[in-house]
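# Structure assessment
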Amino acid sequence: MTAPAVAVLMGSKSDAPLMQECLDALTKLGIDHEAHVMSAHRTPDAVREFATSARDNGTRVIIAAAGGAAALPGAIKAYTPLPVIGVPVPSSDLKGIDALYAIVQMPPGVPVAAVAVGSWGARNAAYLAAEILALTDENVRKAYDDYRASFASS
C-alpha cells in the first residue's frame, strides 16, 4: 500500500485543532495526505518506525507539529532524508517561541524547515509542501498556481 504524498504528524491530540488548518489547505489543493499523532517523548519507537519507512511507503513530504521542546520534527528528520517542515505550536508559557527555536536550530546536515508559530504556520506548512510537490507533480502545480493567482483578485 502506498502512503499519501504528505504526512502530517502531531505530538499530541491537543494539536489537532491548530493542524486542521494545515489539513484543510492540503485538501483544498487536492493533495493526498494523512494525519497521525505520535510523540518523540512518549512514543519514540512509533516515531522511528514511521520515519524510517516513510520514503519507501511513498510519503514525499512530512509536516510535523510540536510545542514546548518541539522534539518531533527533529526526531523525524534524524531518521529520514525526506523534507520535514516543522510547525511550532504555541502550547507553553513561552507561546511557541521555545518550539520555534527548537525547530530552527537543527545541526548542519539535518535540516528542518520552519514556518511561523501557530495557525499561519500550519497553513504555510501546507503551502510549502505544495511548492515542493509541484516540482514534480503537474496537478499540484496547477492547483497551487491557481491558489496563488487568486491573490490578485482579493
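These notes cover the structure that comes with them. Note that this is a predicted model, so its numbers are computed, not measured.

Parameters and conventions
- Residues numbered from 1 in each chain as written.
- Predicted model: local features only at pLDDT ≥ 70, side-chain atom pairs only at ≥ 80, totals over all residues.
- Heavy atoms only, no water.
- Helix = DSSP H or I, 4+ residues; strand = E, 2+ residues; numbered from the N terminus.
- Buried < 20%, exposed > 50% of the residue type's maximum accessible area, 1.4 Å probe, protein only.
- Contact = heavy atoms within 4.5 Å.
- Areas by Shrake-Rupley, 256 points an atom, 1.4 Å probe, with all protein chains shown as cover.
- Lys, Arg positive; Asp, Glu negative; His and termini not counted.
- Charge placed at Lys NZ, Arg CZ, Asp CG, Glu CD.
- Salt bridge = Lys/Arg side-chain N within 4 Å of Asp/Glu carboxyl O.
- Patch = residues over 30% accessible without salt bridge, like charges linked within 9 Å, V, L, I, M, F, W, Y side chains within 5 Å.
- Pairing = 2+ DSSP bridges.
- Axes fitted to C-alpha atoms, helices over the stretch in contact; angles between N-to-C directions.
- Expected span 1.5 Å × (residues − 1).
- Phe/Tyr/Trp six-rings, centres within 6.5 Å; stacked < 30°, edge-to-face > 60°.

## Notes on the overall build of the chain
A count of helical and extended segments in the chain gives six helices and five strands. Going from N to C terminus, the chain has its helices and strands arranged as β-α-β-α-β-α-β-α-β-α-α. By residue count, 43% of the 154 residues in the chain fall in the buried class. Excluding contacts between residues fewer than 6 apart, the proportion of contacts in the chain whose partners are at least 24 apart in sequence is 66%. A total accessible area of about 8,000 Å² is found for the chain, and carbon and sulfur atoms account for 55% of it. Distance from the positive charge centre (12 side chains) to the negative charge centre (15 side chains) of the chain: 2 Å.

## Observations concerning the side chain of Asp98
Mapped onto the fold, Asp98 is located in helix H4 (residues 97–104). At 10 Å, Lys95 is the nearest oppositely charged side chain to Asp98, a buried residue that forms no salt bridge. If near-sequence neighbours (up to four positions away) are discounted, Asp98 is found in contact with Gly68 and Ser92.

## Points about the side chain of Thr59
On the secondary structure map, Thr59 appears in the loop between helix H2 (44–57) and strand E3 (61–67). In this structure Thr59 comes out as buried when scored by relative accessible area, which is 3%.

## With respect to a nonpolar patch on the surface
There is a patch of nonpolar side chains on the surface, built from Leu94, Ile97, Tyr101 and Val104 and spanning about 400 Å² of accessible area. Accessibility expressed as a relative area gives 55% for Tyr101, which makes it exposed.

## Some thoughts on the sheet that holds strand E4 (residues 84–89)
The parallel open sheet is built from five strands, whose spatial order is E2-E1-E3-E4-E5. Only two strands of the sheet have a single partner each, and these edge strands are strand E2 (33–37) and strand E5 (113–114). The sheet contacts of helix H3 (residues 71–79) involve strand E1 (6–10), E3 and E4, and relative to E3 the element is tilted by about 145°. Contacts from H4 reach E3, E4 and E5, with the element oriented near 160° to E4.

## Points about helix H5 (residues 119–134)
Helix length check: H5, at 16 residues, gives a terminal C-alpha distance of 23 Å against a target of 22 Å (1.5 Å per residue), a fit within 8%. The complete set of buried residues in H5 reads Gly121, Ala122, Ala125, Ala126, Tyr127, Ala129, Ala130, Leu133 and Ala134. In this structure, the buried residues of H5 make contact with E1, helix H1 (16–28), E3, E4 and helix H6 (138–149).

## So, the packing of aromatic side chains
Applying the stated criterion across every chain yields a total of three aromatic pairs. Relative to Tyr147, the ring of Tyr127 lies with its centre 4.5 Å away and its plane at 20°, an arrangement referred to as stacked. Taken together, the positions of Tyr127 in helix H5 and Tyr147 in helix H6 put the pair 20 residues apart, joining distant regions of the chain. Looking at Tyr147, the relative accessible area reads 26%, which means it is partly exposed. The rings of Tyr127, Tyr144, Tyr147 and Phe151 are connected pair by pair, giving a single aromatic cluster.

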